[in-house]
Structures are given as C-alpha cells and as structure tokens.
Amino acid sequence: MSEDAQLATQKTVDFRGGGFAPQSKKWVGFIVFVLLIGLAELGTRTGFITSLTLPKPSDVFATFVDLWQSGLLWKHLIPSVSRLVIGAAIGASVGIGVGVLIGLFSLVRAGLVPLVAAIFPIPKIALLPLFVIWFGIDEPSKYALIAFGTFTPTVVATYGAVDNVDRSLIRMGQSFSLSWFSIVTKIVLPGAMPGILSGLRVSLAIAIILLVAAEMLGAEYGIGAYILEAGSLYDLERLFVGVTILSILGVSVSAVIGLFENRLLDWRT
Amino acid sequence: MDLRLEGIGHHYGDMEIMQGIDLEIPAGKIICVVGPSGCGKSTLLRLIGGLERPSTGRVVQVGEPPIDSINPLTYIFQDFALLPWRTVEGNISLVLEDHGIRGAKAEKIISDVLARTKLTDFRKALPKQLSGGMKQRVAISRALAVKPAVMLMDEPLSALDSQTRELLMDDLVGLWTREPFTAVYVTHNLNEAVRLGHSIVVLSRRPGRIREVVDVTMSLADRELGDPELERQQKHLWNLMRDEAVAADKELLNV
Ligand SMILES: Nc1ncnc2c1ncn2[C@@H]1O[C@H](COP(=O)(O)OP(=O)(O)OP(=O)(O)O)[C@@H](O)[C@H]1O
Ligand SMILES: [Mg+2]
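Residues numbered from 1 in each chain as written. Chains lettered and ligands numbered in written order. Predicted model: local features only at pLDDT ≥ 70, side-chain atom pairs only at ≥ 80, totals over all residues. Heavy atoms only, no water.

(A) How the structure looks around the pairing of strand β9 (residues 210–215) of chain B. Direction of pairing for strand β8 (residues 199–203) of chain B relative to β9 of chain B: antiparallel, over a ladder of five bridges. Opposite I200 of chain B, over in β9 of chain B, you have V214 of chain B as the bridge partner. (Pairing = 2+ DSSP bridges. Helix = DSSP H or I, 4+ residues; strand = E, 2+ residues; numbered from the N terminus.)

Printed below as a string of structure tokens:
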C-alpha cells in the first residue's frame, strides 16, 4: 500500500454523517407563510383564482384592521381566551394529576387506563348537548367541554412520561432513604416534565378546536361565534379573519410552551 | 459497624442466582467482589443495602452505625445516577434535605465534600457539562455527604476510560488513607481489585458461591501501578476466574 500511495488516486472521504439533529431555523417557517400568502394574493389579483374560491389576502387584512378598530376584536377575543385558559387549565391539571396517579399506583392504573382508552376516541363535540343539559347553556358547559377534551390526551401523555422516568434514579433515591413524597416530587415529576410538556402541545391544540366548537353552539361573542356568523353569510373575508386569529392563537400557545421548555428543561443535552 | 452475610441465597423465579454466601465485612476495610458476568454481584450488593430481600439467609448489622451517620448503607452506582436537572450542589443537597439538613449546616457539608473530591470549582455546574470522571466524583461526594458506615460500590469506575480510572483510584486511596471507610466494591477489573481491596472475594459462575477469599496485606497507599507483588496476586485471581469465565460465557450462549 505504501508504495502505491503516490501513484493511487486521492480523494477526500465522502461526508455521510449529519442530519437528524433539529436546529432552530425560525425564519424558514415565516418564509413559508409569506410565500403562500404572496401566491394567494398574486392569484386573486390576476384573476387566476376567483374571489369566490379564495378572498384576497389584502382584503382579509383590511377586514381584520376594521375589526380591530371597531373594538369588536377584543369583544370576541377576550371571552374566547378566558374560556380557553379556564377550560384548558382545569383539564390539564386534572389530567396531569390523574396521569401521575396512574403512573405511580398499579391499582389506579388497572382501574383507569381502560376507562381513559374508552373515552379517548369519543368525539367530545358530540357530548356538547349533554354538557349543556348538565351545566346550562352558559360558560360552565364550555369550560367542561374544553376541560374534558384536554383531559384525555394529557392523562395519556403524563402516565407515559412517568413510566419513562429513569428507574435507576428512583432506586438511587431509595438508596439514600428519601421519603416517598420526595422521590415523587424531586425525581419522578421533574423526570416526567419533558413528556408532560410535549403532551400539552397536543392537548392545547385540541382545546382550541373544542373552543370553537363550543362557541358555535350558543355564544354571543367569541371567535367561534364570529366564524359561524361569517360562514352562514358566506362572508369569506371575515371567515378567514376568524381562522387566522385561531392560527395565531395556536402559534402563541405553542410559543408559550416553548418558553416553558426552555426555562424548565435547560438541563437536557 | 460491621456487616455479616449469613447463608445468603437468592433466586429470580426458577433461576438460582446465588447460594450459601457467608461473609464478614469488617469496619474500615474495603472488600472487593469479583466474578464472571451474571454471577450475581450486583444482586448481592442490592441485597446488602436492603434494596432487595434475599430469598434465604440474612444480612446482619453488627454494632451501631456512628451517630453522625446520616445514611449508613450508601451506594455509588456505575451509571452515576445524578439528577440531570440539578446542579452539582443540588445533587448533594438532595440527599441532605430529606434528613432535615438545610441551610448553613448543609452548606458546610457540601463545601467539605466538594473540597475532598476536588470539585469546588464545579459547584454550580449541571451534570451535562461534566465529563464521566467528574460525574463519578460528584456521586462519590454525594455519598460522602451522608457519612456512610458502609459504601456499596457497583463497578463505579467501569464507565470511565483507563486514565480517569487510575486518577479516581488514587483519589479513593487518598480518601481512605485520610479517613478509612468501609466498602463493598464490586468490579470485573482485577487490577482495581488488587489496588483497592483489603480482601478480594471471588465468586463462581451462576449460581454464585464464594470460591475463594484472597487477602492482600500490602497497605493501600503503597500499592502502585505495576507492582510485582500485586501483579502476582492479579494473576492468581485470573487463574481462579478463567475457567469460570469461560464456562459462564458458554452458558450464556446456550440460553
Ligand atoms: N430483577 C431481575 N429479575 C430477573 N432476573 C434478574 C434480575 N436482576 C438480575 N437478574 C439476573 O440475575 C443474574 C445476575 O445478575 P447480576 O446483575 O447480579 O449479575 P452481575 O454479576 O452483576 O453481572 P455483571 O458482571 O454483568 O454486572 C443475571 O443472570 C440476571 O439476568
Ligand atoms: Mg452488575
């Protein structure tokens, strides 16, 4: 080999590593949005897309500004956000509590896992009439619907996360004679936190979907009511304004969870 | 405080892991346990520390642990078992908090053990920022913080590279020389065994029994890398273990 080395062709070894490591490239998502909206604007302006198919993005924006200036935006947004916050807070906290109990106690697990599996696939929207009978047409039935919808995915994510906590850490805790309560609060819960937070991302998106559903049925103000009204009038501009607000709500919720993840989970490699 | 194992036997289901283990663990001595893979060394350590119940026999505590001992039987694990979300000092205060030691008193203990393991500068570091050797030092200082009567060490150095291992062995010898501690030290590395053990227990393959107990009389501080007497002892241990190891290896293939 050494003698041939000078004569043989030389070539850098091809790189074949890399990838599979998510990196933060926030602007890419932004560009995708801008491109799509730009395309829609171009299409509607040139007449390639008729105004019946899709409203002009600039018109949608103008409608949004109107809504803002008339003060109606806040009138719709504030009840919606408060429903979302209250309903999701109830559902997520009960869900995390029950999930932790399922993770910790075999008896609770045996009793509740089948039950959760049974109620998970029920479309919660179908239960809205039931909630109206139980809690009345006002706010409580909306809270209940959102809470119920957030509850099931949170439970499943939480007990999965508790199951995944490194057993050797728990054994370490026992070997230092930590109390049961300390092991749960100082080892199990922090260890389950990554799984719980990523579960919350899913649960909260579901909460937004249910929020709209609840508001479509008997609410004077709220994004859902606004969309319903626009839809029944075939007012596409306002429909799109409503949908856009929902998307922004979703992105904000996801950003808030991202903030929590950065603060709480900076210990991850 | 001494420990005595009386007729310890253990099985998982139908599988007999160990049989008739009788052993004295005298205060102030390091007992090394070597044996082929799967012979039940880790299991034995869990039995000694009360993390598992033996199927037969019992572990006897002879005499009282020193009054200042916070957690008499304390483990040091192969995989360090540090909480990744707590800093170095947080990992140590974790094991003190539950015994009601907080504030200035905890502070004093933490500073002391960090100084003894040369970690003072890394007090606020998270485990992810530390190398393997440093992590094991943190685990050692956490163990020292609870003033154990007996340290139970399961292959504490085997996740480390050989240079780091040498350094940490020196550290352990230094710690022991300044203040002798009692330890049961499980390892599969015969060199570690002859460097650290006052006596070395050789286990047979599964079901584990004590094959021989080899005493090494040379004082810990005098044992150096490549000492001919130690080499001889190590060779003797290897001769004892070779057949067992070969047989154990084949057994695993047959399963
Ligand atoms: N919880 C358990 N349930 C069933 N079998 C187990 C359990 N723990 C260990 N074993 C079995 O017991 C035997 C002894 O295990 P142990 O971990 O004590 O061996 P070891 O001597 O520490 O091995 P190594 O040198 O690989 O660390 C192994 O065959 C293992 O598969
Ligand atoms: Mg082992």
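Here the narrative resumes.
(B) Fine view of the site of ligand 1. Residues and elements named next belong to chain B. By nearness alone, 13 residues border ligand 1, and G38, K41, S42, T43 and R206 come closest of all. The backbone of G38 places a nitrogen or oxygen atom 2.9 Å from an oxygen atom of ligand 1. C39 places a main-chain nitrogen or oxygen 3.3 Å from an oxygen atom of ligand 1. A total of 630 Å² of accessible area belongs to ligand 1 in isolation, and the protein chains cover 61% of it. Its residues assigned to classes, the shell around ligand 1 comprises four nonpolar, five polar and four charged. (Near = heavy atom within 4 Å. Polar contact = N/O pair within 3.5 Å; in protein donor to acceptor, adjacent residues only side chain to side chain. Areas by Shrake-Rupley, 256 points an atom, 1.4 Å probe, with all protein chains shown as cover. Nonpolar A, V, L, I, M, F, W, Y, C, P; charged D, E, K, R; others polar.)

(C) Structural view of a nonpolar patch on the surface. Residue and element names in this part refer to chain A. Taken together, the side chains of W27, V28, I31, V32, L35, L36 and L39 make up a nonpolar region of the molecular surface, amounting to roughly 710 Å² of accessible area. With respect to the helices, strands and loops of the structure, I31 is situated in helix α1 (residues 26–46). The class of I31 is partly exposed, set by a relative accessible area of 42%. (Patch = residues over 30% accessible without salt bridge, like charges linked within 9 Å, V, L, I, M, F, W, Y side chains within 5 Å. Salt bridge = Lys/Arg side-chain N within 4 Å of Asp/Glu carboxyl O. Buried < 20%, exposed > 50% of the residue type's maximum accessible area, 1.4 Å probe, protein only.)

(D) Up close: the sheet that holds strand β4 (residues 56–62) of chain B. Residues and elements named next belong to chain B. Within the open sheet, the three strands sit side by side as β2-β1-β4. Their pairing is antiparallel. Every interior strand has two partners, whereas the edge strands, β2 (15–25) and β4, have only one. When strand polarity is set aside, the average angle formed by the axes of neighbouring strands in this sheet is 10 degrees. Relative to β4, strand β1 (residues 2–12) runs antiparallel, the two sharing six bridges. Counterpart to D2 in the pairing with β4 is V62. (Axes fitted to C-alpha atoms, helices over the stretch in contact; angles between N-to-C directions.)

(E) Summary view of the pairing of strand β3 (residues 30–34) of chain B. All names here are of chain B. Taking burial as the measure, the five residues of β3 include five buried ones, the bulk of the element. Bridge count for β3 against strand β7 (residues 182–186) is four bridges, and the pairing is parallel. If you follow C32 over to β7, its bridge partner there is Y185. As paired elements, β3 and β8 share four bridges and run parallel to each other. Residue pairing for β8: V33 is matched across the bridge by V201.

(F) Focus on the pattern of salt bridges. Under the counting rule described, the total for this entry stands at 28 salt bridges over all chains. Taking the shortest distance from any N to any O, the salt bridge between E139 of chain A and R83 of chain A comes out at 2.8 Å. Separated by 56 residues along the polypeptide, E139 of chain A in helix α6 (residues 139–163) and R83 of chain A in helix α3 (residues 72–104) bring together distant segments of the chain. The exposure class assigned to E139 of chain A is partly exposed, which follows from its relative accessible area of 27%. For R83 of chain A, a relative accessible area of 5% corresponds to the buried category. Its salt-bridge partner being R195 of chain B, residue D170 of chain B comes within 3.6 Å of it at the nearest N-O pair. You can see D170 of chain B sitting in helix α5 (residues 162–178) and its partner R195 of chain B sitting in helix α6 (residues 190–196), a full 25 residues away along the chain.

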